Amino acid sequence: LAWDKERYPSPAKFGAWASQKDLAITLDFNRCIATNTDGYDAAAFNIPQSGAMEFATAAPDFTNPKVRNWWWNVILTQGIKPLDKTLPVGLWIDEFDEMRPAPHDQKLSIGRSFAELRNYWFMLINQSLVADGWDKSLGDKLRPFVWVRGNTAGGQRYSTLWSGDIEPSFAEMKNQIRGMQAAGLSGFPFWGHDAGGFDATHVPDADFELLYRQWGVAMGSFSPFWKPHGMGPSRWPLDRSPAAQ
């Protein structure tokens, strides 16, 4: 996690430009980049057994306070402080839901099993970012908008969620409508989704058009937030047809 020196030679100037344009900055942390981030010690920080999960060397044990402290510190020093006077308003946390294949009987750093704590995992993530991180380092006058791929009861105290890398199909859109309703009933009012599904790489644009209009535009109008984010055809509204616009 660090600013690309070629694309962003001066994060502070970029932050000032974004503020002038009324643009908000969000920092994205994907679990797979942990091993490429300063200070990550896989031997000391990883859960004991990663099982069949992808990016097995980037499986931090969030019951370990050293891991939580490292994580917030690197977000603060590598991501936020280079912006100088511009604070990011969002933290986008990705792919920690993919740790679920880890063996459930393994003992974590606090001596309890992964099975006991897997539903508390996201609470540890959220708390380390907001209550133990942002609020103590930056104050609580500006609360960040944190959204995580995956969440469980209690997590809404600090963050919300989006539904992840979902399929581009009408069947999946139906599931997403039910997921949005279930999230609201579970106390997560700011649930979000990727407009039209995530991976539409193999979907012809002509076929994607109707799905985008009904999902990204029509359903998206009645959802708390959606992201124009995905592989394949552009989800950005101004790139779509006059009918979609």
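Going by the structure above, here's the rest.
My aim in this report is to walk through the structure given alongside it, one point at a time. Everything numeric here is computed off the predicted structure, so don't read it as measured data. (Residues numbered from 1 in each chain as written. Predicted model: local features only at pLDDT ≥ 70, side-chain atom pairs only at ≥ 80, totals over all residues. Heavy atoms only, no water.)

## Brief notes about the pattern of salt bridges
Pairs may arise between side chains of opposite charge once their charged atoms sit close together.
Then, in step 1: The final tally for this structure, using the stated rule, is eleven salt bridges.
Then, in step 2: Arg-31 is the salt-bridge partner of Glu-98, the closest N and O atoms lying 4.0 Å from each other. With Glu-98 in the loop between strand 2 (90-94) and helix 4 (114-117) and Arg-31 in the loop between strand 1 (26-30) and helix 2 (42-45), this pair connects stretches of sequence that are 67 residues apart.
Then, in step 3: Asp-97 is the salt-bridge partner of Arg-100, the closest N and O atoms lying 3.8 Å from each other.
Then, in step 4: Residue class for Arg-100 comes out partly exposed when judged on its relative accessible area of 48%. (Salt bridge = Lys/Arg side-chain N within 4 Å of Asp/Glu carboxyl O. Helix = DSSP H or I, 4+ residues; strand = E, 2+ residues; numbered from the N terminus. Buried < 20%, exposed > 50% of the residue type's maximum accessible area, 1.4 Å probe, protein only.)

## So, the packing of aromatic side chains
Then, in step 1: As enumerated under the stated definition, the model contains 20 aromatic pairs in all.
Then, in step 2: Ring geometry for Phe-29 against Trp-71: centres 5.6 Å apart, planes inclined by 75°, an arrangement best described as edge-to-face. Highlighted residues: Phe-29 in strand 1 and Trp-71 in helix 3 (residues 65-80), separated in sequence by 42 residues. Of the two residues, Phe-29 and Trp-71, neither departs from the other in class, the shared state being buried. (Phe/Tyr/Trp six-rings, centres within 6.5 Å; stacked < 30°, edge-to-face > 60°.)

## Section: the pairing of strand 3 (residues 145-149)
Then, in step 1: Strand 3 sits mainly inside the fold: four of its five residues count as buried.
Then, in step 2: Note: strand 2 against strand 3, four bridges, orientation parallel. Following the sheet pairing, Trp-92 is matched in strand 3 by Trp-147. (Pairing = 2+ DSSP bridges.)

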